[in-house]
Amino acid sequence: MHTVQPIKDREKIEAMKKILRASSLRDELLFTIGINTGLRISDILALRVGDVRNQKGVVERIEIVEKKTKKTRVVALNRKTRRLIELYLAQERPHARGDEPLFRSQKGGRAISRQHAHYILNRAAKAVGIVDRIGTHSLRKTFGYFAYKQGTDLAMIQKILNHSSQAETLRYIGITQEQIDEVTAGLDL
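Everything numeric here is computed off the predicted structure, so don't read it as measured data. (Residues numbered from 1 in each chain as written. Predicted model: local features only at pLDDT ≥ 70, side-chain atom pairs only at ≥ 80, totals over all residues. Heavy atoms only, no water.)

Asks: Explain the overall build of the protein to me, please; I cannot follow it from the model alone.
Replies: From N to C terminus, the protein includes ten helices and four strands. The linear arrangement of helices and strands in the protein, starting from the amino end, is α-α-α-α-β-β-β-β-α-α-α-α-α-α. Scaling as 2.2 N^0.38, a compact globule of 189 residues should have a C-alpha radius of gyration of about 16 Å, and the protein matches this with 17 Å. Counting only C-alpha atoms and orienting by the principal axes, one finds that the protein spans roughly 60 × 35 × 30 Å. The 189 residues of the protein split such that 45% are buried. Contacts spanning at least 24 positions in sequence make up 61% of the contacts within the protein whose residues lie at least 6 apart. For the protein, the accessible area works out to roughly 11,100 Å², and carbon and sulfur atoms hold 49% of it. (Helix = DSSP H or I, 4+ residues; strand = E, 2+ residues; numbered from the N terminus. Rg over C-alpha atoms; globule rule 2.2 N^0.38 Å. Buried < 20%, exposed > 50% of the residue type's maximum accessible area, 1.4 Å probe, protein only. Contact = heavy atoms within 4.5 Å. Areas by Shrake-Rupley, 256 points an atom, 1.4 Å probe, with all protein chains shown as cover.)

Asks: Explain the environment of D27 here, please?
Replies: Examined against the element boundaries, D27 turns out to sit in helix 2 (residues 25–37). On the basis of relative accessibility, which here comes to 3%, the residue D27 falls in the buried class. Taking C-alpha positions, D27 is 8.3 Å from F103, a pair spaced 76 residues apart along the chain. Sequence-distant contacts of D27, that is, excluding residues within four places in its chain, are made with L20, I120 and R123.

Asks: What is the right way to read the packing of helix 2 against helix 6 (residues 114–127) from this model?
Replies: In a packed pair of helices, the relevant descriptors are the angle between the two axes and the axis-to-axis distance. At a minimum axis distance of 11 Å, the contact between helix 2 and helix 6 shows a crossing angle of 90 degrees. Considering the angle they form, helix 2 stands roughly perpendicular to helix 6. Contact residues: R26, D27, L30 and F31 in helix 2; H116, A117, I120, L121 and R123 in helix 6. Classifying every residue of the contact of helix 2 with helix 6 by side-chain character gives five nonpolar, one polar and three charged. (Axes fitted to C-alpha atoms, helices over the stretch in contact; angles between N-to-C directions. Parallel < 35°, antiparallel > 145°, perpendicular 65-115°, else oblique. Nonpolar A, V, L, I, M, F, W, Y, C, P; charged D, E, K, R; others polar.)

Asks: I would appreciate a short explanation of the packing of aromatic side chains in the present structure.
Replies: Aromatic ring pairs are defined here through the distance separating the ring centres and the angle between the ring planes. If you walk through the whole model with that rule in mind, you get one aromatic pair. Geometrically, the ring pair formed by Y145 and F146 is edge-to-face, given 5.2 Å between the ring centres and 90 degrees between the ring planes. Classification of F146 by relative accessible area gives buried; the value is 15%. Against the face of Y172 rests K141, its NZ or CZ located 5.1 Å from the ring centre. (Phe/Tyr/Trp six-rings, centres within 6.5 Å; stacked < 30°, edge-to-face > 60°. Lys NZ or Arg CZ within 6 Å of the ring centre and 35° of its normal.)

Asks: Would you mind going over the pattern of salt bridges with me for this structure?
Replies: If charged atoms from side chains of opposite charge come close, those side chains can pair. Taken as a whole and judged by the stated rule, the model has nine salt bridges. Across the salt bridge formed by E14 and K17, the nearest N and O atoms sit 3.3 Å from each other. Here K17 and E14 lie together in helix 1 (residues 10–23), a separation of three residues that amounts to about one turn. Taking the relative accessible area as the measure of exposure, E14 reaches 40% and is therefore partly exposed. Notably, a salt bridge pairs E100 with R93, separated by 2.8 Å at the nearest N-O pair. Comparing E100 with R93 shows no difference in burial state: the two are buried. One continuous salt-bridge network, built from bridges that share partners, spans R93, R97, D99, E100 and R104. (Salt bridge = Lys/Arg side-chain N within 4 Å of Asp/Glu carboxyl O.)

Asks: Honestly, the nonpolar core in this entry has me stumped. Any pointers?
Replies: What tends to happen in soluble globular proteins is that the nonpolar side chains get buried as a cluster. With 51 residues, the main nonpolar core has F31, I62, L102 and F103 as its most contacted residues. At six residues, helix 2 tops the list of elements feeding residues into this core. The contacts of I62, once residues within four sequence positions are left out, are L39, L47, D51, V52, R73, V74, V75 and L77. (Core = buried A, V, L, I, M, F, W, Y, C linked by side-chain atoms within 4.5 Å.)

Here it is as structure tokens:
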């Protein structure tokens, strides 16, 4: 398996959302949940309609058991993600039952495959001119990268991503030596 990169350009992220929405709200939602929660693609694709919506509407937090770690995790959904879930369910899945996959394949009642998710993301990335290697794991890395760039404590990101060290987290989110050098070179005390 090849190493994939986070998407580090906000303009490219917004452009990808537009490309994905042109295809379907489902594809945009897949991308949006991934970059806003840090969940692994296996956990995103396992989501059911009932995980994100109850009788009162779209939930503020989802509770999942991670496939990889078997740990229970509660993840908050930001306002933008909740609005997109609401729109997607209203427009593309108005009669969806709680036990149905959130990201349903057009070929029956199953969830889309990891390979199809990879295809969706790669097609959109190429369309907006991203040349880095992009995959489904890029969503999780993008979450970590932007959390770090907005000033979230590295220890918190490490905990969210369930990494064993901060060095692992820095490598994972694509913080390079060049970026580290910029910090010290830019500090002119």
